[in-house]
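Analysis of the macromolecular model
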Amino acid sequence: MHPEETVLILDFGSQYTQLIARRIREAGVYSEIQPYTLPVQEIRALQPTGIVLSGGPASVCDPDSPGVDAEIFSLGIPILGICYGMQLMAKALGGDVVPAQNREYGRAELSLLARNAVWTNMRDDGLTVWMSHGDRVIRPPDGFTVLARTDQVEIAAMADPDRKLYALQFHPEVAHTEDGDQILRNFLFEIVQAKPSWTMASFVQSVLDEVPAQVGSSQVVCGLSGGIDSTVVAALLHQAIGKQLHCIFVDNGLLRADEGEEVVQYLRKYFDLNLRYVQAQDIFLSRLHGVHDPEEKRKIIGNTFIEVFEQEATSIPGVRFLAQGTLYPDVIESVSFKGPSAVIKSHHNVGGLPEKMNLELIEPLRELFKDEVRKVAMELGLPDFLVWRHPFPGPGLAIRVIGEITPQRLEILRRADKIVQHELMASGWYFKIWQGFAVLLPLKTVGVMGDERTYEHVIALRAVESKDAMTADWARLPDDLLARISNRIINEVKGVNRVVLDISSKPPSTIEWE
Ligand code: XMP
């Protein structure tokens, strides 16, 4: 992928760095995140048309704080420093920065003090902006003009238009900042003079141009999971290389009712894919027999998947590539300032397969955020039920049947979950939430049905709102919907006499129960 122009974001570890990249891309300009340690020669080689210095938790007053080679300020490339990026710019160019007694966190009111291209189409005062900083600039470097203040901070924005250097103490990328998008657009279109050429149509076209050249006459294998990422990879590569793509769908016996088949049927019907449906339920379930521990379940499922997939893939002659639906956040995670974040749960993927089978990777989505993948899916004409499908974990229902996994317990969960999915769809809530599903608990409770005492299973209902699954809040589903789901599960699913609602947010809970 070689977009016409790139705005480079140097990451100093802010929790908002990815948000900056998304906002810039939403404005139609490709942006890429790199660690702040990227040497200046490499920055030059990337030929960015603009650079953003992100925020970060450090203090420039600390001698060990992360910095950049001051040469970047004289490359002639427009630079926008945000928060830590502003303090860094001020310090590097000879201004004064002091540590604050208290960290200022939250909303502040911005007053503009000077006209500037960065304020194009904005009001002069009373703008709410989002602050999160300790240090502040008390004297700008020579050549800089103070552009704005707040009641707490005298220098809330500054610029040296001749050198095309701009800096903001607040966070324009955060939704709480009024006109934040406008400020970023002003930087992109008034100062960098970028062209909004990053669209999903241009992205799709670049994949169609580049992948056939990369693949030549070799064969490509792709694991289809039923989720949006692998489905988009398959649809995209099918369009690029047709029958040289071989998709493998492994049914591990841990899918929800109708999950998988729907996707497979659709892809077969509309895309005429080379697609193998591997029935591997027995091997997965027999290996999971008697296993309770969640990590153990994940390991067994991951290893068995690799085994089954490898066996199937090696039976295809001429395979040289493995296509995967890796997304940009996974890529950044491994290169960014923070380094790989701690693994909270080992996620199931085909890690290890490429080396083992001596395959080269094709990751056509590695530059994209999830919302961009959805747009590509729409661009490719995939139907809503695929585009807006809730994420479904690789280990499937194994981590939603808490405790022992048996065919009977899986069946109870499938029936309950089907009701949950149906009711979420029918009420329109499916499209408003990130995920909604049923969990089968490892305990029985007493109930009464008719004249009889029962002693049956408990289903928990989990529904969350989230933007990226990193944090989540439990969805406030309406009472009547909850009542309908509960009544239907208890009446229609044999073996269940109680439904409970999960009202925990992430953190400290996780979205899945295991
Ligand atoms: P947690 O439970 O960690 O989940 O809050 C965050 C998101 O990741 C999904 N998830 C998984 N996906 N393999 C996957 O492919 C896994 O092992 C796995 N565990 C959790 C989960 O559904 C949610 O969207």
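Each chain has its residues counted from 1, following the order in which its sequence is written. It should be noted that, the model being predicted, local features are given only for residues of pLDDT at least 70 and side-chain atom pairs only at 80 or more, the latter also being counted only at that level, while totals for whole chains, interfaces and linings use all residues. Water and hydrogen atoms play no part in the side-chain values, which are based on all heavy atoms of the structure.

**Here's the deal with the pairing of strand E1 (residues 6-11)**
Heads up, the condition is: Buried, partly exposed and exposed residues are distinguished by accessible area as a fraction of the type maximum, computed with a 1.4 Å probe on protein chains only: under 20%, between the cut-offs, and over 50%, respectively. Numbering of helices and strands runs from the N terminus, with a helix taken as a DSSP run of H or I at least four residues long and a strand as a DSSP run of E at least two residues long. Handedness is read with the strands pointing away from the viewer; a crossover is right-handed when the path from the first strand over the helix to the second is clockwise. Pairing between two strands requires that DSSP report at least two bridges joining them.
Summarising burial for E1: 6 of the 6 residues are buried, a large majority. Once the chain exits E1 it traverses helix H1 (residues 17-26) before rejoining the sheet at strand E2 (residues 30-35), and the crossover so formed is right-handed. Sheet topology note: the E1/strand E3 (residues 50-53) ladder contains 4 bridges and is parallel. Residue pairing across strands places leucine 10 opposite leucine 53, the latter belonging to E3.

**Observations regarding helix H14 (residues 407-427)**
We count it as follows: Expected helix span is computed as 1.5 Å times (number of residues minus one). Contact criterion: two residues are considered in contact whenever any of their non-hydrogen atoms come within 4.5 Å of each other.
If you check H14, its first and last C-alpha atoms are 30 Å apart, about what 21 residues at 1.5 Å a residue would give, namely 30 Å. Turning to H14, its buried residues number three or more, namely Arg409, Leu410, Ile412, Leu413, Arg414, Ala416, Asp417, Ile419, Val420, Gln421, Glu423 and Leu424. Lining the buried residues of H14 we find helix H8 (281-288), strand E17 (435-449), strand E18 (452-465), helix H15 (479-492) and strand E20 (496-501). Where H14 ends, the next residue or the one after it, glycine 428, has phi of about 85°, a positive value.

**Structural notes on a negative patch on the surface**
Our working rule: Patches here: salt-bridge-free residues with over 30% relative accessible area, like charges joined within 9 Å, nonpolar side chains (Val, Leu, Ile, Met, Phe, Trp, Tyr) joined within 5 Å. Each accessible area value is a Shrake-Rupley result obtained with a 1.4 Å probe; residue values ignore everything except the protein chains displayed when judging cover. For this document, the term salt bridge refers to a Lys or Arg side-chain nitrogen within 4 Å of an Asp or Glu carboxyl oxygen. By the counting scheme adopted, Arg and Lys are positive, Glu and Asp are negative, and His together with the chain ends is not counted. Working definition for charges: the position is that of NZ of Lys, CZ of Arg, CG of Asp or CD of Glu.
Together, Glu109, Asp124, Asp125 and Asp151 make up a negatively charged patch on the protein surface. Tracing the sequence through the fold places aspartate 125 in strand E7 (residues 125-133).

**Observations regarding the packing of aromatic side chains**
Rules: Each Phe, Tyr or Trp ring (for Trp, its six-membered ring) is paired with any other whose centre lies within 6.5 Å, and the angle between the two planes then decides the class: stacked below 30 degrees, edge-to-face above 60, tilted in between. Note on geometry: a ring has a charge over it if NZ (lysine) or CZ (arginine) is within 6 Å of the ring centre and within 35 degrees of the ring normal.
Per the stated rule, a full pass over the model turns up 11 aromatic pairs. Pairing tyrosine 105 with tryptophan 130 gives two aromatic rings, centres 5.6 Å apart and planes at 75°, and the pair type is edge-to-face. Residue tyrosine 105 is located in strand E6 (residues 104-112), and its partner tryptophan 130 is located in strand E7; the two are separated by 25 residues in the primary sequence. Exposure remark for tyrosine 105: the relative accessible area of 55% places this residue in the exposed category. Each member of the aromatic cluster is reached from another via a ring pair, and the members are Phe12, Tyr36 and Tyr84. Between the NZ or CZ atom of arginine 22 and the centre of the ring of phenylalanine 369, over which it lies, the distance is 5.9 Å. Here the guanidinium or amino end of arginine 25 rests over the ring plane of tyrosine 328, the centre of that ring lying 4.9 Å away.

**Looking at the pattern of salt bridges**
The final tally for this structure, using the stated rule, is 26 salt bridges. Here aspartate 258 makes a salt bridge to lysine 418, at a shortest N to O gap of 3.5 Å. In this pair, aspartate 258 sits in the loop between strand E13 (245-251) and helix H7 (261-271) while lysine 418 sits in helix H14, placing the two residues 160 residues apart along the sequence. Exposure remark for aspartate 258: the relative accessible area of 36% places this residue in the partly exposed category.

**Observations regarding the environment of glutamate 423**
Position of glutamate 423 among the secondary structure elements: in helix H14. Between the C-alpha atom of glutamate 423 and that of leucine 275, which follows or precedes it by 148 residues, the distance is 31 Å. Not counting residues up to four positions away in its chain, the partners in contact with glutamate 423 are Leu481, Arg484, Ile485 and Arg488.

**With respect to the sheet that holds E3**
Where we set the bar: To get an axis, fit a line to the C-alpha atoms, keeping to the stretch in contact for a helix; angles then go from 0 to 180 degrees between the N-to-C directions.
If you trace the 9 strands from one edge of the open sheet to the other, you get E2-E1-E3-E4-E11-E10-E9-E6-E7, paired in mixed fashion. Every interior strand has two partners, whereas the edge strands, E2 and E7, have only one. Mean inter-strand twist for the sheet, computed between neighbouring axes without regard to direction, equals 25°. Here H1 sits on the sheet in contact with E1, E2, E3 and strand E4 (79-82), set at roughly 160° to E2. Contacts from helix H3 (residues 84-92) reach E3, E4, E7, strand E10 (157-160) and strand E11 (165-168), with the element oriented near 115° to E4.

**With respect to the side chain of asparagine 186**
Position of asparagine 186 among the secondary structure elements: in helix H4 (residues 180-191). For asparagine 186, a relative accessible area of 2% translates into the label buried. Excluding its chain neighbours within four sequence positions, the residues that come into contact with asparagine 186 are Ala117, Val118, Trp119, Thr120, Met122 and Ile191.

**A few points about the nonpolar core**
Heads up, the rule is: We call a set of buried Ala, Val, Leu, Ile, Met, Phe, Trp, Tyr and Cys residues a nonpolar core when their side-chain atoms join them within 4.5 Å. Segment limits for the domains were obtained from an automatic or database-derived domain assignment.
Ranked by size, the top nonpolar core spans 49 residues in total, and within it Val221, Ile248, Phe309, Leu424, Ile459, Leu477 and Ile489 carry the most contacts. Two domains each donate at least three residues to this core, and these are domain 2 (200-387) and domain 3 (406-501). Excluding its chain neighbours within four sequence positions, the residues that come into contact with valine 221 are His246, Ile248, Phe309, Ala313, Ile316, Val319, Phe321, Leu322, Ala323 and Leu359. Judged by nonpolar contacts, the second largest core, of 45 residues, contains Ala234, Ala240, Cys247 and Leu273.

**Some details on the side chain of asparagine 116**
Basically, it comes down to this: Any N or O atom pair separated by 3.5 Å or less is treated as a polar contact, with the protein-specific requirement of one donor-capable and one acceptor-capable atom, and with residues adjacent in sequence counted only for side-chain atom pairs.
Along the chain, asparagine 116 falls in the loop between E6 and E7. Accessibility expressed as a relative area gives 15% for asparagine 116, which makes it buried. A polar side-chain atom of asparagine 116 sits 2.8 Å from the main-chain amide nitrogen of valine 118. Those residues within four positions of asparagine 116 in sequence are excluded, and the remaining contacts are Leu147, Ala159, Pro161 and Tyr166.

**Section: the domain arrangement of the chain**
Here is the rule we go by: Each of two parts loses accessible area, computed with a 1.4 Å probe, when they are put together; buried area is these two losses added.
Split by domain assignment, the chain resolves into domain 1 (7-191), domain 2 (200-387) and domain 3 (406-501). Approximately 1100 Å² of surface area, both sides summed, lies buried where domain 1 meets domain 2, with 57% of it carried by carbon and sulfur atoms. Broken down residue by residue, the surface that domain 1 buries against domain 2 is led by Gln18, Arg25 and Ile33, which jointly contribute 40%. Here domain 1 and domain 2 share 2 salt bridges between them. Here aspartate 371 makes a salt bridge to arginine 22, at a shortest N to O gap of 3.8 Å. Seen at the junction of domain 1 and domain 2, the total is 3 residue pairs in polar contact (both at pLDDT 80 or more). Of all the secondary-structure elements, those providing two or more residues to the side of domain 1 that touches domain 2 are H1 and E2. Top contributing element to the side of domain 1 that touches domain 2 by residue count: H1, with 5 residues.

**Focus on the sheet that holds strand E15 (residues 319-323)**
Pairing within the open sheet is parallel, and its 5 strands lie in the order E14-E13-E12-E15-E16. With one partner strand each, in any of the chains shown, strand E14 (274-279) and strand E16 (360-362) form the two edges of the open sheet. The sheet shows a mean angle of 30° between the axes of neighbouring strands, direction not considered. Pairing of strand E12 (residues 219-224) with E15, which is carried by 4 bridges, proceeds in the parallel orientation. Looking across to E15, one finds that valine 220 is bridged to phenylalanine 321. Of the strands in this sheet, E12, E13, E15 and E16 are in contact with helix H6 (residues 228-241), which crosses E12 at around 155°. Across the sheet, H7 is in contact with E12, E13 and E14; its angle to E14 comes to roughly 155°.

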